[in-house]
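Topology and contacts: notes
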Amino acid sequence: MLLRSFAETDRAAVVALWCEVGLTRSWNDPGKDIDRAVATWPDLFLVAEDAAASGDDDGEGGGSAVVVGTALCGYDGHRGWIYYLAVAPTHQGRGIGRALIAEAESRLEALGCPKAMLMVRRGNEKAHGFYGGSGYAEDEVVTFGKRLIAD
Ligand SMILES: CC(C)(COP(=O)(O)OP(=O)(O)OC[C@H]1O[C@@H](n2cnc3c(N)ncnc32)[C@H](O)[C@@H]1OP(=O)(O)O)[C@@H](O)C(=O)NCCC(=O)NCCS
């Protein structure tokens, strides 16, 4: 399993993965989300690749990438945010989610980011359990949002 930054050739597989695990919403165009991420923090957009399935056991590239996980992150100068954490159902429970979070935290910390944040939709109990076990605690805040650009 290889963790690396997103490459343009991953785009279709990434969108398919997000759809498969139920992270897409009608009001978010995943393609535009990818464009915005690549335009701001390309090195904070992580992909987990099944190197064996890609025919890339040596991690040197050359095979066609089989994307099995993602984490899309950003740093706003105060907090680091982790979005679109996803692992393919066929690969869940193997530590890939944990590895993606660890790599995201490491890259954020290298930028001087003091705290990683994430939002979990109400009712996503599996994610609540996962984050709780990954050292994340629920903050006493309610997030408010205001759409500035309609997708
Ligand atoms: C949440 C998700 C990313 C976890 O990925 P994963 O690769 O299956 O997780 P891991 O295998 O790395 O599990 C890491 C740890 O979390 C634990 N864990 C996983 N699900 C859990 C749950 N429901 N409750 C408690 N712990 C859980 C595992 O037991 C493991 O602990 P361990 O290392 O002590 O054994 C994955 O389930 C997923 O893609 N879900 C759908 C998309 C989603 O909801 N994303 C979150 C958006 S906020």
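Everything discussed here concerns the structure shown above.
Residues numbered from 1 in each chain as written. Predicted model: local features only at pLDDT ≥ 70, side-chain atom pairs only at ≥ 80, totals over all residues. Heavy atoms only, no water.

Let us look at the side chain of serine 134. Assignment of secondary structure puts serine 134 in the segment after helix H4 (125–132). Engagement of the side chain of serine 134 in a polar contact is seen with the side chain of arginine 98, the distance being 2.8 Å. (Helix = DSSP H or I, 4+ residues; strand = E, 2+ residues; numbered from the N terminus. Polar contact = N/O pair within 3.5 Å; in protein donor to acceptor, adjacent residues only side chain to side chain.)

So, about the nonpolar core. If you look at the biggest cluster of nonpolar residues, it comprises 34 residues, and the most contacted ones within it are Val14, Trp18, Phe45, Ala71, Ile82, Leu100 and Tyr131. Listed by contribution, the elements that provide at least two residues to this core are helix H1 (11–20), helix H2 (30–40), strand E2 (45–49), strand E3 (67–75), strand E4 (80–87), helix H3 (96–110) and H4. For this core, the element with the most residues is E3, which contributes 6 residues. Setting aside residues up to four positions removed in sequence, valine 14 forms contacts with Phe6, Ile34, Phe45, Val47, Val67 and Thr70. (Core = buried A, V, L, I, M, F, W, Y, C linked by side-chain atoms within 4.5 Å. Buried < 20%, exposed > 50% of the residue type's maximum accessible area, 1.4 Å probe, protein only. Contact = heavy atoms within 4.5 Å.)

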